[in-house]
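The primary structure of each chain is shown beneath.
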Amino acid sequence: RAVTIVPCGGKTDMRRPYRRTEAGEMTKWLAPRIRTLGLASKWPVQSITTELTALENMLAAAKRFPNGPIVYFCEWTRIRKMRTLAKRVFGVRATVIGIEFDGSRPRYDRIGRVALEREDLAYSLAALKDPAWRRMLRHAAEEKIRVLRATPERVRATEVDRIARKIRQQFRTRYDRARRTQ
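Residues numbered from 1 in each chain as written. Predicted model: local features only at pLDDT ≥ 70, side-chain atom pairs only at ≥ 80, totals over all residues. Heavy atoms only, no water.

Now, about the overall build of the protein chain: what can you tell me, with residues and values included?
Within the protein chain, the regular secondary structure consists of six helices and two strands. Scanning the protein chain from its N terminus toward the C terminus, one meets helices and strands in the order α-α-β-α-β-α-α-α. Relative to the globule expectation of 16 Å for 182 residues, the C-alpha radius of gyration of the protein chain, 17 Å, shows essentially globular dimensions. If you line up the protein chain on its principal axes, its C-alpha atoms span 55 × 35 × 30 Å. By residue count, 37% of the 182 residues in the protein chain fall in the buried class. Residue pairs in contact within the protein chain that sit at least 24 positions apart in sequence constitute 67% of those at least 6 positions apart. Total accessible area on the protein chain is roughly 11,500 Å²; 54% of this is exposed by carbon and sulfur atoms. The distance from the centre of the 42 positive side-chain charges to the centre of the 19 negative ones in the protein chain is 3 Å. (Helix = DSSP H or I, 4+ residues; strand = E, 2+ residues; numbered from the N terminus. Rg over C-alpha atoms; globule rule 2.2 N^0.38 Å. Buried < 20%, exposed > 50% of the residue type's maximum accessible area, 1.4 Å probe, protein only. Contact = heavy atoms within 4.5 Å. Areas by Shrake-Rupley, 256 points an atom, 1.4 Å probe, with all protein chains shown as cover. Lys, Arg positive; Asp, Glu negative; His and termini not counted. Charge placed at Lys NZ, Arg CZ, Asp CG, Glu CD.)

Below you can see the structure in the form of structure tokens.
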């Protein structure tokens, strides 16, 4: 059966010259394996390389593929958030499958990870309803990447969640202030 594989994810590369994308790295890994199986014509790979957040990835995939079933893979620690978002973005046509691929230390901080994913889900659900908040989340993601690139790797490895939370909270404060002045 023909299947289109759509790796999603933008330029979150932490190594200069910052050209690699998450989708591009997945495609590099997947494409030779698909060719080896002789399935390149049945399983084309169409990357979406411009998005920075889980919500942006889903919305871009939904726009490119508005019909038919969707199987969405994610890091297993994010499965609850991704299932909720997938239901809102794709409806019943989506199946979300969690896989283990993140070996970073923060991933094993179960309590911290659950809290971060719950917070991120709330932000993402609000962004689905409010385009201005969606743009703010995009700016927060860009700022997070900028800060992480300037952070020493040994610090980044353990503090990525704390850094991300702090930046999102700063953007939330700016957003709330701007809404109050309107």
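Give me the environment of T12: which residues, what numbers.
Looking at the element boundaries, T12 is found in the segment before α1 (22-36). Those residues in contact with T12 that sit more than four places away from it in its chain are R20, E22, L52, I145 and R149.

Now, about the pattern of salt bridges: what can you tell me, with residues and values included?
In total, this model carries 16 salt bridges according to the counting rule given. Of the charged contacts, one joins E117 and R78 as a salt bridge, the two residues approaching to 3.4 Å between their closest N and O atoms. Linking E117 in helix α4 (residues 110-129) with R78 in the loop between β1 (70-75) and α3 (79-90), this pair joins segments that are 39 residues apart in sequence. A residue is classified by how much of its surface remains accessible, and E117, at 7% relative accessible area, is buried. As a salt-bridge pair, K81 and D120 come within 2.7 Å of each other at their nearest N and O atoms. Of this pair, K81 sits in helix α3 while D120 is found in helix α4, placing the two residues 39 residues apart along the sequence. As far as burial versus exposure is concerned, K81 and D120 are alike and both buried. Members of the salt-bridge network, linked through shared partners, are R78, K81, E117, E119, D120, R165 and R168. (Salt bridge = Lys/Arg side-chain N within 4 Å of Asp/Glu carboxyl O.)

Residue-level account of α4, with values.
Helix length check: α4 (20 residues) gives 29 Å between terminal C-alpha atoms against 28 Å at 1.5 Å per residue, within 8%. Residues of α4 that are buried include every one of R113, L116, E117, E119, D120, L121, Y123, S124, L125 and A127, and no others. Looking at the buried residues of α4, the elements they touch are α2 (54-64), α3, α5 (131-150) and α6 (153-181). (Expected span 1.5 Å × (residues − 1).)

So what about unusual backbone geometry? Which residues, and what values?
Note that the residue after R16, namely P17, is joined by a cis bond; omega there is 10°. Assignment of secondary structure puts P17 in the segment before α1. Of note, the phi angle at Y18 is positive, near 60°, even though the residue is not glycine. As for its position among the elements, Y18 is in the segment before α1.

Mind laying out the pairing of β1, listing which residues take part and the relevant values?
Across six bridges, β1 lies against strand β2 (residues 94-99) in parallel orientation. Bridge pairing links Y72 to V96 in β2. Handedness of the crossover joining β1 and β2 through α3 is recorded here as right-handed. (Pairing = 2+ DSSP bridges. Right-handed = clockwise from strand over helix to strand, strands pointing away.)

Quick rundown of the state of the cysteines? Include the residues and the values.
A full pass over the atoms with the stated rule returns zero disulfides. Unpaired in terms of disulfides, C8 finds its nearest cysteine sulfur in C74, a separation of 12 Å. Exposure remark for C74: the relative accessible area of 6% places this residue in the buried category. (Disulfide = S-S within 2.5 Å.)

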